[in-house]
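So the chains spell out like this:
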Amino acid sequence: MIIKTNHFEFEKVNWKNLEELRLLRNTPVIQNYLVNKGEVSEEQQIAWFKKEDTINNHYFIAKKNNGVIGYCLLRHIDYEVSLAEPGTFIATEDLFDSSMAALFMISFMDICRFLFGIKKFYGNVLATNNRALTNYEWFGADKEINKDKNEITLTETESQPYEQSTNKIRKALGTLYDYRFDITIVMDKLVDNELCRNLFLSLANHLPSDIRSKVKVEIEN
Amino acid sequence: MNTSSKTPWLKFTHSVMDKLINALREEFAEIKVGLIVADSDLLELLGWSSLNIVIVRAKVQETFAVKLSDQQIKSCKTVADLYSLISSLSKR
């Protein structure tokens, strides 16, 4: 299953591309930003994915112009209260601190917000991860410092919801890249199991009409 | 003596610089107005996070119809450098 938006492709992690995610996760660039460090072996990766709850946790390989640029995740989704932890990880150092990185992050956050209907975001980041902290600062998140673990928990505040805090940046991205929330979900019957297909069809079909009109679903094979 | 009345180009450059400073002040309203001046260090003032780069690039494009790359933005040490870059590109 691939979600296409703003010239990015977010390819949902499945048994076929699981190794790609492991290799990305093990790169030194990505390791720098992980709270849980350490390389993951093939066996560990397979064991993890076998047990993974694929309804509440979603991982995506992120591509641009057919090249892998990193990965994203949306995990620990609590559908009842619409709470979840999103994350974007760039593996290509050339993209660090670039406007393309901003487009990438906002494009994925939009998917989390509008397709998954997440109303409140939170994240656990390393206290040394200045890029993530700067971005959360932009979003006006509340900070809670966990000194023992050298982590900071950031939570979106009700006074400054995502739509409001990102309004300026989305307008600027519109000027530079013709950015918009407009997605195509491409499902493949041979790759995506029924559970996955049903989940995404259900998400798409239950969207408010103004957002539904911006979501196209294609089923191949 | 009013220099700008004798040298129209100076008046022009001042007004473009003012326009740039005002544009930055408008976008970064959380920064004290007095801190955004011609010799302000852009990296110190804004930090070149991906989000701030987008804001500055888009604002320059909207205000001056000049398209800058990320690298061009990052190469500007001060507001005055950014002004010089915009001026040089808008003359082409």
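Check the entry above for the structure.
What counts, and at which threshold
- Every residue gets a number counted from 1 within its own chain, in the order that chain's sequence is written.
- Here the convention is simple: chains get letters from A, ligands get numbers from 1, in the order in which they are written.
- Thresholds applied to this predicted model are a pLDDT of at least 70 for local features of residues and 80 or more for the giving and counting of side-chain atom pairs; totals over whole chains, interfaces and linings are not thresholded and use all residues.
- Computation of side-chain values: all heavy atoms of the structure, hydrogens and water removed.
- Working definition of a nonpolar core: buried Ala, Val, Leu, Ile, Met, Phe, Trp, Tyr and Cys residues. They are joined through side-chain atoms within 4.5 Å.
- To sort residues, take the accessible area from a 1.4 Å probe on protein chains only and compare it with the maximum for the residue type: under 20% means buried, over 50% means exposed, and anything in between is partly exposed.
- Here a strand is any run of E in DSSP of at least two residues, a helix any run of H or I of at least four, and the numbering for each starts at the N terminus.
- We call two residues in contact whenever any of their non-hydrogen atoms come within 4.5 Å of each other.
- Criterion used throughout: strands pair if DSSP finds at least two bridges between them.
- Throughout, an axis means a line fitted to C-alpha atoms (over the contacting stretch in the case of helices), and angles, computed between N-to-C directions, take values from 0 to 180 degrees.
- The span expected for a helix works out to 1.5 Å for each residue beyond the first.
- Think of it as the arc spanned by the lines of direction from the helix axis to the C-beta atoms.
- Side-chain atoms alone can form a polar contact between residues adjacent in sequence; in general such a contact is a pair of N or O atoms within 3.5 Å, and within protein one must be able to donate a hydrogen while the other accepts it.

Participant: Teacher, can you tell me more about the nonpolar core here?
Facilitator: Residue and element names in this part refer to chain A. If you look at the biggest cluster of nonpolar residues, it comprises 80 residues, and the most contacted ones within it are Ile3, Phe10, Leu115, Phe116 and Phe200. Examining the composition of this core, we find that 13 residues originate from one element, helix H4 (residues 99-115), more than from any other. Apart from residues no more than four positions distant in its own chain, Leu115 is found in contact with Ile3, Asp110, Phe181, Ile183, Ile185, Phe200, Leu203, Ala204, Leu207 and Val215. With 12 residues, the next largest nonpolar core counts Leu18, Tyr59, Ile61 and Leu73 among its residues.

Participant: Explanation requested: helix H5 (residues 130-138) of chain A in the structure shown.
Facilitator: For an α-helix, 3.6 residues make a turn, and residues three or four places apart therefore share a direction. Within H5 of chain A, burial applies to Ala132, Leu133, Asn135, Tyr136 and Trp138 of chain A. Gly140 of chain A sits one or two residues past H5 of chain A and shows a positive phi near 70°.

Participant: What is the right way to look at the sheet that holds strand E8 (residues 151-155) of chain A in this model?
Facilitator: The strands making up a sheet associate through backbone hydrogen bonding, with each pair oriented either parallel or antiparallel. All names here are of chain A. On the basis of which strands lie adjacent, the open sheet formed by 10 strands has the order E7-E8-E6-E5-E4-E3-E2-E1-E9-E10 and mixed pairing. The open sheet is flanked by strand E7 (142-146) and strand E10 (215-220), the only strands paired with a single partner. For this sheet, the mean inter-axis angle between neighbouring strands, taken without regard to orientation, is 25°. Sheet analysis places strand E3 (residues 58-64) next to strand E4 (residues 67-78), joined by seven bridges and oriented antiparallel. The partner of Lys64 across the bridge, within E4, is Gly67. Packing of H5 onto the sheet brings it into contact with strand E5 (83-90), strand E6 (120-126), E7 and E8, and relative to E6 it is tilted by some 155°.

Participant: Help me out: how do you make sense of helix H8 (residues 194-205) of chain A in this one?
Facilitator: Residue and element names in this part refer to chain A. With 12 residues, H8 extends 16 Å from end C-alpha to end C-alpha; this agrees with the ideal 16 Å at 1.5 Å per step. Those residues of H8 not exposed but buried are Cys196, Arg197, Leu199, Phe200, Leu203 and Ala204. For H8, the angular spread of the buried residues around the axis is 165°, confining them to a single face. Within H8, the exposed residues directed more than 90 degrees away from the buried face are Glu194 and Asn205. Structurally, the start of H8 carries an N-cap: the backbone nitrogen of Leu195 is 3.2 Å from a side-chain oxygen of Asn193.

Just geometry here; none of it tells us what the structure is for.
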